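Results of the structural survey
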Amino acid sequence: MVSDKHGLKDRLAGSLKEIQGKITKDKPKEVEGKLQKTRGKVKDKAQDIKDDLDKKK
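Residues numbered from 1 in each chain as written. Predicted model: local features only at pLDDT ≥ 70, side-chain atom pairs only at ≥ 80, totals over all residues. Heavy atoms only, no water.

With that settled, the discussion passes to the pattern of salt bridges. Applying the stated criterion across every chain, the model contains seven salt bridges. Between D44 and R11 there is a salt bridge whose closest N-O contact spans 3.0 Å. Of this pair, D44 sits in helix 2 (residues 27–56) while R11 is found in helix 1 (residues 8–24), placing the two residues 33 residues apart along the sequence. A salt bridge links E30 to K34; the shortest N-O distance between them is 3.8 Å. Within this pair, E30 and its partner K34 are both found in helix 2, separated by four residues, close to a single helical turn. Accessibility expressed as a relative area gives 11% for E30, which makes it buried. Put simply, D10, R39 and K43 are held in one network by salt bridges that share partners. (Salt bridge = Lys/Arg side-chain N within 4 Å of Asp/Glu carboxyl O. Helix = DSSP H or I, 4+ residues; strand = E, 2+ residues; numbered from the N terminus. Buried < 20%, exposed > 50% of the residue type's maximum accessible area, 1.4 Å probe, protein only.)

Written out as C-alpha cells, the structure reads:
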C-alpha cells in the first residue's frame, strides 16, 4: 500500500533498471533494479507499520 511517496522513487527507478537490464541482457543491472525495487517496497511497509503504531497511541 502506498500511503505516501516514501518508496515510490526506489520502486520506479528499480523497475526501470530491471527492464533495462532485461532488454540489454545486462544481468547485474537487472539484479540491481530488483534490489532497488525491493528497497522501495520495504520503505513503504516500514512507513505503514509506523503509521499503524502512531494510530494506536
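Read on for the rest.
At a minimum axis separation of 7 Å, helix 1 and helix 2 run at an interaxial angle of 160 degrees. With respect to helix 2, the element helix 1 is oriented roughly antiparallel. The interaxial crossing formed by helix 1 with helix 2 has left-handed handedness. Taken together, the residues of helix 2 that come into contact with helix 1 (itself represented by L8, D10, R11, A13, G14, S15, K17, E18, Q20, G21 and K22) are K29, E30, E32, G33, K34, Q36, K37, R39, G40, K41, K43 and D44. (Axes fitted to C-alpha atoms, helices over the stretch in contact; angles between N-to-C directions. Parallel < 35°, antiparallel > 145°, perpendicular 65-115°, else oblique. Left-handed = near helix turned anticlockwise from the far one by under 90°. Contact = heavy atoms within 4.5 Å.)

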